[in-house]
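# Results of the structural survey
Here is what each chain is made of, one letter per residue.
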Amino acid sequence: MKSLTTTELRALFLRFFGERGHTIIPSASLIPENDPTVLFTTAGMHPLMPYLMGAAHPAGVRLADVQKCVRTGDIDEVGDASHLTFFEMLGNFSFGDYFKDDAIAWAWELVTKEFGLPKDRLAVTVFHNDDEAYNIWKKVAGLPDDRIIRIATKDNFWQMGDTGPCGPCSEIFYDHGPEVWGGLPGTPEEDGDRWIEIWNLVFDQFEDLPDGSRIPLKQKCIDTGMGLERLAVVVQDVDSIFDVDTIQALRNKVCEISGKEYDKDHETDVSIRLITDHIRSATFMISDGIMPTNEGRGYVLRRLIRRAARHGRKLGIDGAFLAELSKTVISESKDGYPELEEKKEFILNVLNKE
């Protein structure tokens, strides 16, 4: 397995798909442009939904990006070793161009050859009646039958809602080894941490209509996504998201400021991880123009800042400290998001004022 930094993984992903005819587009804002139903951009496909529905994207029919995302639905879980409110989603997209053959072949090539993940530690899932995807995986990857797993539940079928585009999914899983509890997808132990999903391919090929019927989609599309932080855990062979290089640097800065040691006390670790996560989210949210307020997304930002400050007090930190941590967020992420450095003083001023 290759040793790659988070910055290198991000760049390698974009180069790989750029060489295969994809236009590299910048991340959209964390503030959704055309969806008033949600507060934040929550997935790589989120800003591209109009093009899945048939609109023509000005950059073409093959796109790739690294999308900033915020999800706060499980905010109370943040503080454990795996939950984040802010994350980056690697994605490649096809709107009426290539479909399952290329999407699967490129995913396998990137994961095994470019990222260097060993084939004997990988498994894939397909929707239970998607024989086409099953046969392509068999041909491309040569995996044994018990490593191409048919799943009949909604876990392997994506739907936008009651109406709209939908289609079967295919996911790539990585095996952390027998020393970690858990089983393959579809087994009673699937919720364990041994087998972890690293890539989701969505084959949009149907449309659900208001009358409950389902018809073929006018243009077949590919929507694939891979969480950068989760991928880095695998490639860097570390125990949790908070051990990944860029996040670890921020985690260590929290320890430096607080004078606390990581991985010695559970409650202390919870506070360190929560502060690490929340200041990442707050920094990126402010850079996209979100300001602390008492409603909407501004309230979420205010809650993140205040929770981080409160846990800082629990660690014994006196005085303002979040702006200092934000400097580390900016230095670790500016290669992928140069706007962080450009807006540095603004971000720090907002944090200090709040």
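Structure: above.
Structure report, in brief.

## Structural notes on the overall build of the chain
- Check the secondary structure of the chain and you find 11 helices and nine strands.
- Considered along the principal axes of its C-alpha atoms, the chain spans approximately 60 × 45 × 40 Å.
- Split into buried and exposed, the 354 residues of the chain put 54% on the buried side.
- Taking the intrachain contacts of the chain between residues at least 6 apart in sequence as the baseline, contacts between residues at least 24 apart amount to 69%.
- Total accessible area on the chain is roughly 15800 Å²; 47% of this is exposed by carbon and sulfur atoms.
- For the chain, the separation between the mean place of its 40 positive charges and that of its 59 negative charges on side chains is 3 Å.

## Structural notes on the nonpolar core
- One finds Phe115, Leu117, Trp137, Ile172, Trp199, Leu201 and Met285 to be the most contacted residues of the largest nonpolar core, which totals 86 residues.
- Aside from chain neighbours lying at most four places away, what touches Trp199 is Phe13, Phe17, Asn92, Ala107, Leu110, Val111, Ser170, Glu171, Ile172, Thr224, Gly225 and Met226.
- In this structure, Ile25, Met45, Tyr51 and Phe95 belong to the second largest nonpolar core, which totals 10 residues.

## With respect to helix α6 (residues 245-258)
- For α6, which comprises 14 residues, the first-to-last C-alpha distance of 20 Å matches the rise-based estimate of 20 Å (1.5 Å per residue) to within 8%.
- Listing the buried residues of α6 in full gives Thr246, Ile247, Leu250, Arg251, Lys253, Val254, Cys255 and Ser258.
- Where α6 is buried, its residues meet α1 (6-18), α5 (228-235), α7 (266-287) and α9 (322-333).

## Observations concerning the pattern of salt bridges
- Summed over the entire model, instances satisfying the criterion amount to 24 salt bridges.
- Between Glu229 and Arg280 there is a salt bridge, with the nearest N and O atoms lying 3.2 Å from each other. With a gap of 51 residues between them, Glu229 in helix α5 and Arg280 in helix α7 connect regions that are remote in the sequence. Here Glu229 and Arg280 have matching classes, each one buried.

## Looking at the pairing of strand β7 (residues 164-175)
- Most of β7 is tucked away, with 12 of its 12 residues classed as buried.
- Bridge count for strand β4 (residues 122-127) against β7 is five bridges, and the pairing is antiparallel. Directly across from Leu122, in β7, lies its bridge partner Tyr174.
- In the sheet, strand β6 (residues 157-159) pairs with β7 via three bridges, with the strands oriented antiparallel. Paired with Trp158 across the bridge in β7 is Gly167.
- Between β6 and β7, which pair antiparallel one after the other, the connecting turn spans four residues.
- Bridging between β7 and strand β8 (residues 195-208) involves 10 bridges; their strand directions are antiparallel.

## Quick word on the environment of Leu315
- With respect to the secondary-structure elements, Leu315 resides in the loop between α8 (296-314) and α9.
- Taking C-alpha positions, Leu315 is 47 Å from His22, a pair spaced 293 residues apart along the chain.
- Beyond its immediate chain neighbours, meaning those up to four positions away, Leu315 contacts Val254, Ser258, Lys260, Thr268, Ser271, Ile272 and Ile275.

## Overview of the layout of surface pockets
- A volume near 410 Å³ is recorded for the second largest pocket.
- As for the second largest pocket, its lining consists of 20 residues, and the residues nearest its centre are Ala28, Glu33, Asn34, Pro47 and Leu48.
- Elements with a contribution of two residues or more to the lining of the second largest pocket: α2 (49-52) and β2 (62-70).
- Classifying every residue of the lining of the second largest pocket by side-chain character gives 10 nonpolar, seven polar and three charged.

## Observations regarding the side chain of Glu88
- Here Glu88 is to be found in strand β3 (residues 86-95).
- Side chain to side chain, Glu88 and Tyr337 meet in a polar contact 2.8 Å long.

## As for empty space enclosed by the protein
- Under the counting rule described, the total for this entry stands at one cavity of 30 Å³ or more.
- Considering only enclosed or pocket space, the largest cavity measures out at about 80 Å³ in volume.
- Lining the largest cavity are Arg10, Glu88, Thr246, Ile247, Leu250, Arg280, Thr328, Val329, Glu332 and Ser333.
- Taken together, the elements giving at least two residues each to the lining of the largest cavity come down to α6 and α9.

## So, the packing of α1 against α5
- Packing of α1 against α5 brings their axes to within 10 Å, and their N-to-C directions diverge by 115 degrees. By the angle class used here, α1 and α5 are roughly perpendicular. The chirality of how α1 crosses α5 is right-handed. Seen from α1, the contacting residues are Thr6, Leu9 and Arg10; seen from α5, they are Leu228, Leu231, Ala232 and Val235.
- Here the residues of the contact of α1 with α5 are counted per class, giving five nonpolar, one polar and one charged.

## A look at the packing of aromatic side chains
- Overall, the coordinates contain 11 aromatic pairs when judged by the stated rule.
- Ring centres of Phe86 and Phe284 lie 4.1 Å apart, and the angle between their planes is 15 degrees; on these two criteria the pair is classed as stacked. Pair noted here: Phe86 is in strand β3 and Phe284 is in helix α7, with a separation of 198 residues, a long-range link.
- Judged by its relative accessible area of 0%, Phe86 is buried.
- The rings of Phe13, Phe16, Phe17, Tyr98, Trp106 and Trp199 are connected pair by pair, giving a single aromatic cluster.

Calculation criteria
- Residues numbered from 1 in each chain as written.
- Predicted model: local features only at pLDDT ≥ 70, side-chain atom pairs only at ≥ 80, totals over all residues.
- Heavy atoms only, no water.
- Helix = DSSP H or I, 4+ residues; strand = E, 2+ residues; numbered from the N terminus.
- Buried < 20%, exposed > 50% of the residue type's maximum accessible area, 1.4 Å probe, protein only.
- Contact = heavy atoms within 4.5 Å.
- Areas by Shrake-Rupley, 256 points an atom, 1.4 Å probe, with all protein chains shown as cover.
- Lys, Arg positive; Asp, Glu negative; His and termini not counted.
- Charge placed at Lys NZ, Arg CZ, Asp CG, Glu CD.
- Core = buried A, V, L, I, M, F, W, Y, C linked by side-chain atoms within 4.5 Å.
- Expected span 1.5 Å × (residues − 1).
- Salt bridge = Lys/Arg side-chain N within 4 Å of Asp/Glu carboxyl O.
- Pairing = 2+ DSSP bridges.
- 1 Å grid on protein atoms, 1.4 Å probe; cavity = no way out; pocket = protein on both sides within 12 Å on 5 of 7 lines; lining within 4 Å.
- Points joined across faces, edges and corners; volume = space filled by probe spheres on them.
- Nonpolar A, V, L, I, M, F, W, Y, C, P; charged D, E, K, R; others polar.
- Polar contact = N/O pair within 3.5 Å; in protein donor to acceptor, adjacent residues only side chain to side chain.
- Axes fitted to C-alpha atoms, helices over the stretch in contact; angles between N-to-C directions.
- Parallel < 35°, antiparallel > 145°, perpendicular 65-115°, else oblique.
- Left-handed = near helix turned anticlockwise from the far one by under 90°.
- Phe/Tyr/Trp six-rings, centres within 6.5 Å; stacked < 30°, edge-to-face > 60°.

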